[in-house]
Amino acid sequence: QVQLVESGGGLVQPGGSLRLSCVASGIVFSANAMAWYRQVPGKQRTLVARIDKGGSANLADSVKGRFTISRDNARNTVYLEMNSLKPEDTAVYYCNAKRFWVGRSPDDFWGQGIQVTVSS
């Protein structure tokens, strides 16, 4: 059974920092690209940051210079370090694992989501 369990969310003041963690089980973690998405009510889920199995990272323009994604394959964990948080970063953040295969659709798994609220 695949599980992605997020932690580290909560309420923080503008300009503050949070670190989200996502621990994966039931997958070969090192073979998966890992990502963080976020969603606000009434809007589509959007990609925040992605790190491939080789460690190359991509971030959405809106978070470049403020957020960092990293992974620890020994701990089956992906992190999202969020600094200089803004009210517009408020959302439910979701962890995603995706494994690509030759000749068939990728495996795609999601965590349950965790709330991040940036407010004074």
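Please read these numbers as outputs of a predicted model, since none were measured by experiment. (Residues numbered from 1 in each chain as written. Predicted model: local features only at pLDDT ≥ 70, side-chain atom pairs only at ≥ 80, totals over all residues. Heavy atoms only, no water.)

Draft legend 1. Local environment of the sheet that holds strand 1 (residues 3-7). One open sheet accounts for 4 strands, arranged 1-3-8-7; its pairing is antiparallel. The sheet is open, and its two borders are formed by strand 1 and strand 7 (67-72), each paired with just one other strand. Direction aside, neighbouring strands of the sheet carry axes that sit 15 degrees apart on average. Two strands pair when backbone bridges link them, and strand 3 (residues 18-25) and strand 8 (residues 77-82) are joined in this way by 6 bridges, in the antiparallel orientation. If you follow Arg19 over to strand 8, its bridge partner there is Glu81. (Pairing = 2+ DSSP bridges. Helix = DSSP H or I, 4+ residues; strand = E, 2+ residues; numbered from the N terminus. Axes fitted to C-alpha atoms, helices over the stretch in contact; angles between N-to-C directions.)

Draft legend 2. Spatial organisation of the pattern of salt bridges. Scanning all chains against the criterion turns up 5 salt bridges. Of the charged contacts, one joins Arg38 and Asp89 as a salt bridge, the two residues approaching to 3.0 Å between their closest N and O atoms. Taken together, the residues Arg38 in strand 4 (residues 33-39) and Asp89 in the loop between strand 8 and strand 9 (91-101) connect sequence positions 51 residues apart. Residue class for Arg38 comes out buried when judged on its relative accessible area of 12%. Linked through salt bridges whose partners overlap, the residues forming this network are Arg38, Arg66 and Asp89. (Salt bridge = Lys/Arg side-chain N within 4 Å of Asp/Glu carboxyl O. Buried < 20%, exposed > 50% of the residue type's maximum accessible area, 1.4 Å probe, protein only.)

Draft legend 3. Molecular detail of the side chain of Arg71. In this fold, Arg71 is placed in strand 7. Although Arg71 is buried, it makes no salt bridge; Asp52 carries the closest opposite charge, 6.0 Å away. Among the polar contacts made by the side chain of Arg71, one reaches the main-chain carbonyl oxygen of Asp52 at a distance of 3.0 Å. At a separation of 2.9 Å, a polar atom in the side chain of Arg71 contacts the side chain of Asn73. When residues no more than four places from it in sequence are discounted, the contact partners of Arg71 are Phe29, Ser30, Asn32, Ala33, Met34, Ile51, Asp52, Lys53, Thr77 and Val78. (Lys, Arg positive; Asp, Glu negative; His and termini not counted. Polar contact = N/O pair within 3.5 Å; in protein donor to acceptor, adjacent residues only side chain to side chain. Contact = heavy atoms within 4.5 Å.)

Draft legend 4. Seen up close, the state of the cysteines. Throughout the structure, instances matching the rule amount to 1 disulfide. Between the sulfur atoms of Cys22 and its disulfide partner Cys95 the distance amounts to 2.1 Å. Judged by the sign of its S-S torsion, about -80 degrees, the cystine formed by Cys22 and Cys95 is left-handed. You can see Cys22 sitting in strand 3 and its partner Cys95 sitting in strand 9, a full 73 residues away along the chain. Under the relative-accessibility criterion, Cys22 is labelled buried at 0%. (Disulfide = S-S within 2.5 Å.)

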